[in-house]
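What the coordinates show
Take a look at the letters that make up each chain.
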Amino acid sequence: MHYDLIIKNGYVIDGSGGPRIPADVGIIGDKIATLGRINAPATETIDAEGHVVTPGFVDGHTHMDAQIFWDPIGSSSCYHGVTTVMMGNCGFTLAPCAERDADFVFRNLERAEDLSRDAMLTGINWRWETFPEYLDTIDALPKGINYGGYIGHSALRTYVMGERAFTEQATDDELKRMRHEVQEAVRAGAIGFSTSRTKNHITADDRPVASRIADWDEVRALVNGMGELGAGIFELAGEEPGRSPQRQREYFDRLKGLAVESGRPLTFGMPSIRIAPEIWAPYYELANETAEAGGRMFVQSHSRSISTLLSFKSHTPYDEWEFWSEIRAKPLDEQKRLMSDPAVKRRMVEVATQPYSGPRVVGAEARPPEWDWLYLFDGIGDETVMTEVAEKRGVHPAEAMIDIALERDFDVFFRQPLANENQDHVLTMMRHPRSVVTFSDSGAHVAQIMDSSLQTHLLSHWVRDKQAFSLEEAVRLITYDTATAWGLHDRGLIREGLNADLVVFDPETIGQNMPELLHDLPAGAPRLKQTAIGIKNTVVNGRVLLQENEPTGNLPGRLVRGPLAQ
């Protein structure tokens, strides 16, 4: 037998959670052909001596819908062993939508997911109107990794209702049409239907995104439309019932009831929040409660705190504040000159120390730092809380932040946690039997948040440093468990006949490099990029995508369609 690719001399961790075994992996075409000792010729051979070989990692929560048009390899996810992603979460998609109405979807995306309108206008070649046409467009694009996608509620509403989607309830006829579009999307290969009901998601003109205007009956009708087909996952960015037991119970009953009546899996992300640490755990118990009632529900957890990376080269919390806004509107060299003036700096510090009573919104508009929870980020695992930094300098933390930025020519990050501050909570979430470790948000908040490395963080921090999981347990969390949750039964395990999506890495060195801020998006828009260390090869559909984390030029990725289209 002649193989297209053989990975030799490694230890195979097959994704099942079982112990590693010394074995070779033989690949023919895009499938795993042989697992065992192989003595046969191959067109290409990878020597995995000293490395483990695992299934490719699966990320169920990204927003790479626009990025896929200008970034064929799928960075930064691809750098961290991710070979398959689900995009179109939270109701935010580019379809259904005709090009003439693109402003509707841009309005939903540009602030809620911090996607540059100029980048989208410049970088997207619009060749679709309906969601099936969009899938065909994605299918034809050159891709480094594999992509599946939801049909999004906000795009769907504006497609059917136009401007009224942002202000009114749907008529019976409009609801019927939306239900039809969801069913046609699922038949064509949509992985499911997604929506947002969170108050954090607003448009650039301070209105709720379109999906938030819909009442619960509309959501039920659309999800039950998938139920009629017996296919599709329902994903939502959920409501915030707060600390009221009565409101929480009412919300939980609606979620559980919809999962049971539709027969469709229901999923959402739920981190821990420091200011309300009691809220997250009942959501995980709700997943158990739903299973006992006959429904399916899984919760998306994360492997670390969710943070914004603040920088004077991108965003600070004060960019829209008085006086700061005048400074921050100028070119960076001019900002440095002005901030070096003691009088200007003094005024900036005065403004930064004023009381704040505005909203807490994810991203650059997050409330100003609580200085005990803002960190000077000097490297992976090397950070110091700003109150300590300021105390050593004998100044206010706001002044210390400005001074450090000037000293380092603005080449410095400050990390501001937004959620999952309590790492004991994070560990408990990851260990919950109805959770999946995912939610990178890759493709969104691209100049503010860098969570594409959550998988390498799991393997470096929780496995190697904390020894909270065995390597086999952790690999299962980000391969078999995530693949199975999204119904991807052709991947997530190293088995003969399954997709040849594989990662070859050194468990003793795998980790993350420091993020860097680039201006390489269309129209020069900024983004954070983060690569990994310790990964020798990433293989997608039987071909090597990355060698020592450098692109090979191969683009073997594919569109992942749902079961009704297969």
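As a starting point, this report considers the structure included with it. Just so it is clear, the model here is predicted, and its values are computed rather than measured. (Residues numbered from 1 in each chain as written. Predicted model: local features only at pLDDT ≥ 70, side-chain atom pairs only at ≥ 80, totals over all residues. Heavy atoms only, no water.)

This brings us to helix α15 (residues 454–465). Across the 12 residues that make up α15, a large majority, 10, are buried. Buried residues of α15: L454, Q455, T456, H457, L458, L459, S460, H461, W462 and V463, and no others. The first or second residue beyond α15 is Q467, which carries a positive phi of 55 degrees. (Buried < 20%, exposed > 50% of the residue type's maximum accessible area, 1.4 Å probe, protein only. Helix = DSSP H or I, 4+ residues; strand = E, 2+ residues; numbered from the N terminus.)

Helix α4 (residues 153–161) packs onto helix α1 (residues 102–109) with a crossing angle of 150 degrees between their chain directions and a minimal axis gap of 9 Å. Here α1 is positioned roughly antiparallel relative to α4, judged by the angle of their axes. Considering how the two elements wind past one another, α1 and α4 form a crossing that is right-handed. Across the interface between the two elements, F104, V105 and N108 from α1 touch S154, A155 and T158 from α4. The residue makeup of the contact of α1 with α4, split by class, is three nonpolar, three polar and no charged. (Axes fitted to C-alpha atoms, helices over the stretch in contact; angles between N-to-C directions. Parallel < 35°, antiparallel > 145°, perpendicular 65-115°, else oblique. Left-handed = near helix turned anticlockwise from the far one by under 90°. Contact = heavy atoms within 4.5 Å. Nonpolar A, V, L, I, M, F, W, Y, C, P; charged D, E, K, R; others polar.)

With that out of the way, let us pick up the sheet that holds strand β15 (residues 382–385). With antiparallel pairing, four strands are arranged side by side in an open sheet as β13-β16-β14-β15. Of all strands in the sheet, those with a lone pairing partner are β13 (306–310) and β15, marking the two edges. Going from strand to strand, the sheet's axes swing by 35 degrees on average, the running direction of each strand aside. Across five bridges, β13 lies against strand β16 (residues 413–419) in antiparallel orientation. Directly across from I306, in β16, lies its bridge partner A419. (Pairing = 2+ DSSP bridges.)

With that out of the way, let us pick up the packing of aromatic side chains. Counted under the stated rule, the structure contains 17 aromatic pairs. Relative to F252, the ring of Y251 lies with its centre 6.4 Å away and its plane at 45 degrees, an arrangement referred to as tilted. Just as Y251 is buried, F252 falls in that class too. Plain terms: the ring middles of Y318 and W321 are 5.2 Å apart, the flat faces sit at 85 degrees to each other, and that makes the pair edge-to-face. Comparing Y318 with W321 shows no difference in burial state: the two are buried. In textbook terms, an aromatic cluster arises when at least three aromatic residues are bridged by ring pairs, as seen for F69, F106, W126, W128, F131 and Y134. The positively charged end of R177 is found above the aromatic ring belonging to Y159, 5.0 Å away from the centroid. Above the ring of F410, the side-chain terminus of K336 is found at 5.3 Å from the ring centroid. (Phe/Tyr/Trp six-rings, centres within 6.5 Å; stacked < 30°, edge-to-face > 60°. Lys NZ or Arg CZ within 6 Å of the ring centre and 35° of its normal.)

Within this model, the second largest pocket holds a volume of roughly 830 Å³. Of all the secondary-structure elements, those providing two or more residues to the lining of the second largest pocket are β12 (297–301), α14 (423–431), β17 (435–437), α16 (471–478) and α17 (480–485). When residues of the lining of the second largest pocket are assigned to their parent elements, the largest contribution, four residues, is made by α17. Counted by class, the lining of the second largest pocket contains 21 nonpolar, 13 polar and 13 charged residues. (1 Å grid on protein atoms, 1.4 Å probe; cavity = no way out; pocket = protein on both sides within 12 Å on 5 of 7 lines; lining within 4 Å. Points joined across faces, edges and corners; volume = space filled by probe spheres on them.)

Once that is clear, we can look at the sheet that holds strand β11 (residues 266–269). Strand order in the open sheet formed by eight strands is β6-β7-β8-β9-β10-β11-β12-β17, and the pairing between neighbours is parallel. The two strands at the open ends of the sheet, each matched to only one other strand, are β6 (57–59) and β17. Across the sheet, the axes of successive neighbouring strands diverge by a mean angle of 25 degrees, strand direction being ignored. Bridge analysis of β11 against β12 gives four bridges, and the strand direction is parallel. Considered in β12, the bridge of G269 is made with Q300.

Attention now goes to the nonpolar core. With 104 residues, the main nonpolar core has L94, Y134, L459, F469 and F505 as its most contacted residues. If you tally residues by element for this core, the top one is helix α6 (residues 216–229), at six residues. Aside from chain neighbours lying at most four places away, what touches L94 is D65, A66, F69, V105, F106, L109, I124, W126, W128 and Y134. Counting residues in each nonpolar core, the second largest holds 28 residues, with Y318, V344, A352 and V389 among its members. (Core = buried A, V, L, I, M, F, W, Y, C linked by side-chain atoms within 4.5 Å.)

Residue placement: A112 occurs in the loop between α1 and α2 (117–123). Measuring from C-alpha to C-alpha, the distance between A112 and T203 comes to 6.4 Å, with 91 residues separating the pair along the chain.

Moving on, we get to the side chain of R197. Within the element layout of this structure, R197 appears in the loop between β9 (192–196) and α6. A relative accessible area of 15% means that R197 is categorised as buried. In this structure the side chain of R197 is engaged in a polar contact, spanning 3.1 Å, whose partner is the backbone oxygen of A214. Contacts of R197, omitting those with residues within four sequence positions, involve S211, R212, A214, D215, W216, V219, A237, G238, E239 and E240. (Polar contact = N/O pair within 3.5 Å; in protein donor to acceptor, adjacent residues only side chain to side chain.)

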